[in-house]
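Take a look at the letters that make up each chain.
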Amino acid sequence: MHLIVKFSFLALARVASTAALTVPYLPPAHAANVDPAALSISLEFFAFPGYTQLNSTTNCLDYIDSVRGVSPAVRIGGTTQDRATYDPDLKTAVDYSVDDPADAPSALTYGPAFFTLASQLKGDVTVGLNRQLNNISNSLTAALQAKASMPNLLSIELGNEPDLYSQSSPIVPAGATWSPSVDGTSQKQWFSDMGTTVGNIFQGAVYLSYPKWSTQGLIPILSNAISYVKTFSGHSYPQSACGGATTDLPSLMNHSAIVTYTSQYKPEAAAAHDAGKKYFLGETNSATCGGGGISPTFGAALWVMDYVLQGVLNGVDRLYFHQGTIGNCQYCFWGQYTVGAPFYGAAFVSDFLGRDGEKLVMLDDGSGSIGLYAIYNAANAPTRLLIYNSGYYNGTGTRHSTGISATREVRAKRLTAPNATSRVDQGANVTIGGAIFDGICQLSGSQITESIEVVGGSLSASVAMSEALIIYL
Ligand SMILES: *[C@@H]1O[C@H](CO)[C@@H](O)[C@H](O)[C@H]1NC(C)=O
Ligand SMILES: *[C@@H]1O[C@H](CO)[C@@H](O)[C@H](O)[C@H]1NC(C)=O
Ligand SMILES: *[C@@H]1O[C@H](CO)[C@@H](O)[C@H](O)[C@H]1NC(C)=O
Ligand SMILES: *[C@@H]1O[C@H](CO)[C@@H](O)[C@H](O)[C@H]1NC(C)=O
Ligand SMILES: *[C@@H]1O[C@H](CO)[C@@H](O)[C@H](O)[C@H]1NC(C)=O
Ligand SMILES: *[C@@H]1O[C@H](CO)[C@@H](O)[C@H](O)[C@H]1NC(C)=O
């Protein structure tokens, strides 16, 4: 009953070696549990009402829902949550002005309609409220309105990335130097003060600067006030595009580098789980400050795919991919006119996790360029494999492949593009099973699957550098 899929690294290593891989018949003890909304979405606070006007928002979320059986969770927050003031009399969802539509506002107000829009999202919703301006009565009024109008409300954040607050922020107590312990005491105070009326609903931590600022460090400071916390969140960006910093695509999409990078969050997830709480990468994407030139590429799609799987393996219950200013966002999955390459990684990994995916294992050792994963259903049967050839192919040189044969015929679906630097917004087609998403995130044409079988011991399918394949068992 063991299904054997053989991998040859012939073309990569130029050595005629063939590794035989046995997919475990049952999930091993170390297999990771997969949250139904493992791939989720973060929407920048001020831009959220604008996102609800885009057909792509509904269609992209619905596509993930169609392959997973559950709508992605949405977290509404970001830098602008700490610039926002709630106005219960405001007639529109949000009110602000900017000189340039590409800018984020430096101050804004929002009203009850903001939460009405949020209540219409199909999945769990987390709302990020302001702590930085130190107006607890204002945030409490907003929290109570969120609770009253949103049956889908999962949790409420109080402050975004407080590790980045300036020493002159209103929340910083007079005479104190802002630090993890001062912030931890502030989080504890706010949870305790608001929890008595709002309930045990808060998302704690929400830090970016790991490991100096961490869930592990916050938990002992919260002490008994941890009862008000429902979930913990950390933010994660493997690269920075702030202030013109250089980004690097080969290292972003490098499988062993993704394995190493993501493993840093394992103790964070373990600390939250030990306290009986979920742990999320509550805001994440390829590079800070809206993304760099690498962020809209096909290589970033491959990163999204591999990074979600590594997050799950390290105990991260959900990864919320951040979507920033509409029309000025390199890493966004979708915009007004196109669905970007990164969404294809999100769609493909969701396809792999599927409606029945319960337990995930990595079958490679994490040190090479080929990532191999198996997903198991509730009956403990392996249902799909994913093969990621993370070798960097940018269009020059030879696109080597790794070959595959199986002991019985299996079907496969391919994620590919001309090369790792390909961008949908520059006219390239990224495809899943040969099909593309149109400008409003509807699958255009039907996806095809390929057949893989044993052909006299020779290879009958291959996965090229900068490409991935799902095998349906
Ligand atoms: C967007 O969705 C709305 C409402 O469903 C629909 O009326 C409109 O035609 C759609 N726009 C496009 C470009 O499909
Ligand atoms: C805090 O918000 C309330 C409205 O909720 C407002 O009346 C009050 O002026 C604000 N306080 C400060 C210090 O801004
Ligand atoms: C991938 O990263 C590893 C270190 O994590 C490095 O040894 C290897 O050379 C990298 N591969 C590529 C193609 O950049
Ligand atoms: C592609 O990558 C190779 C190294 O793998 C590099 O020498 C070459 O300059 C790159 N080409 C482009 C167009 O970026
Ligand atoms: C990579 O693919 C894009 C199309 O997506 C193409 O424009 C570009 O020329 C390719 N790069 C190279 C070096 O061939
Ligand atoms: C992209 O796909 C569309 C629809 O399948 C096709 O019409 C178009 O020619 C393709 N573009 C490229 C550059 O291959």
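Residues numbered from 1 in each chain as written. Chains lettered and ligands numbered in written order. Predicted model: local features only at pLDDT ≥ 70, side-chain atom pairs only at ≥ 80, totals over all residues. Heavy atoms only, no water.

(A) Quick peek at the confidence of the model for the protein chain. On average, residues of the protein chain score 94 in pLDDT, and 94% of them reach the 70 mark or higher. In the predicted structure, residues 9–17 sits below a pLDDT of 50 and forms 19 contacts with residues beyond four places in sequence or in another chain. (pLDDT = per-residue confidence, 0-100. Contact = heavy atoms within 4.5 Å.)

(B) Up close: the packing of helix α5 (residues 136–149) against helix α6 (residues 180–198). Running from amino to carboxyl end, α5 crosses α6 at an angle of 35°, the nearest separation of the two axes being 10 Å. At the point where α5 passes α6, the crossing takes the right-handed sense. Between α5 and α6, the residues in contact are Ile-136, Ser-139, Leu-140, Ala-143, Leu-144 and Lys-147 and Trp-190, Asp-193, Met-194, Thr-197 and Val-198, respectively. Taken together, the residues of the contact of α5 with α6 break down into seven nonpolar, two polar and two charged. (Axes fitted to C-alpha atoms, helices over the stretch in contact; angles between N-to-C directions. Helix = DSSP H or I, 4+ residues; strand = E, 2+ residues; numbered from the N terminus. Left-handed = near helix turned anticlockwise from the far one by under 90°. Nonpolar A, V, L, I, M, F, W, Y, C, P; charged D, E, K, R; others polar.)

(C) Summary view of the sheet that holds strand β5 (residues 74–77). Strand order in this closed barrel of eight strands is β4-β5-β9-β10-β11-β12-β14-β16, and the pairing throughout is parallel. With direction set aside, neighbouring strand axes in the sheet form an average angle of 25°. When strand β4 (residues 39–44) meets strand β16 (residues 318–323), the two strands line up parallel, connected through five bridges. Bridge pairing in β16 places Leu-43 opposite Gln-323. Strands β12 (229–236) and β14 (278–284) of the sheet are contacted by helix α10 (residues 266–274), whose axis makes an angle of about 135° with β14. (Pairing = 2+ DSSP bridges.)

(D) Spatial organisation of the state of the cysteines. Enumeration over the complete set of coordinates arrives at three disulfides. The partner cysteine of Cys-242 in its disulfide is Cys-289, sulfur to sulfur 2.0 Å. Of note, the bridge from Cys-242 to Cys-289 carries an S-S torsion of about 95° and is right-handed in sense. Residue Cys-242 is located in the loop between β13 (239–240) and α8 (249–252), and its partner Cys-289 is located in the loop between β15 (287–288) and α11 (298–313); the two are separated by 47 residues in the primary sequence. When its relative accessible area of 31% is taken as the criterion, Cys-242 is described as partly exposed. Sequence-ordered numbering of the bonded cysteines in the protein chain gives a disulfide pattern of 1-6, 2-3, 4-5. (Disulfide = S-S within 2.5 Å. Buried < 20%, exposed > 50% of the residue type's maximum accessible area, 1.4 Å probe, protein only.)

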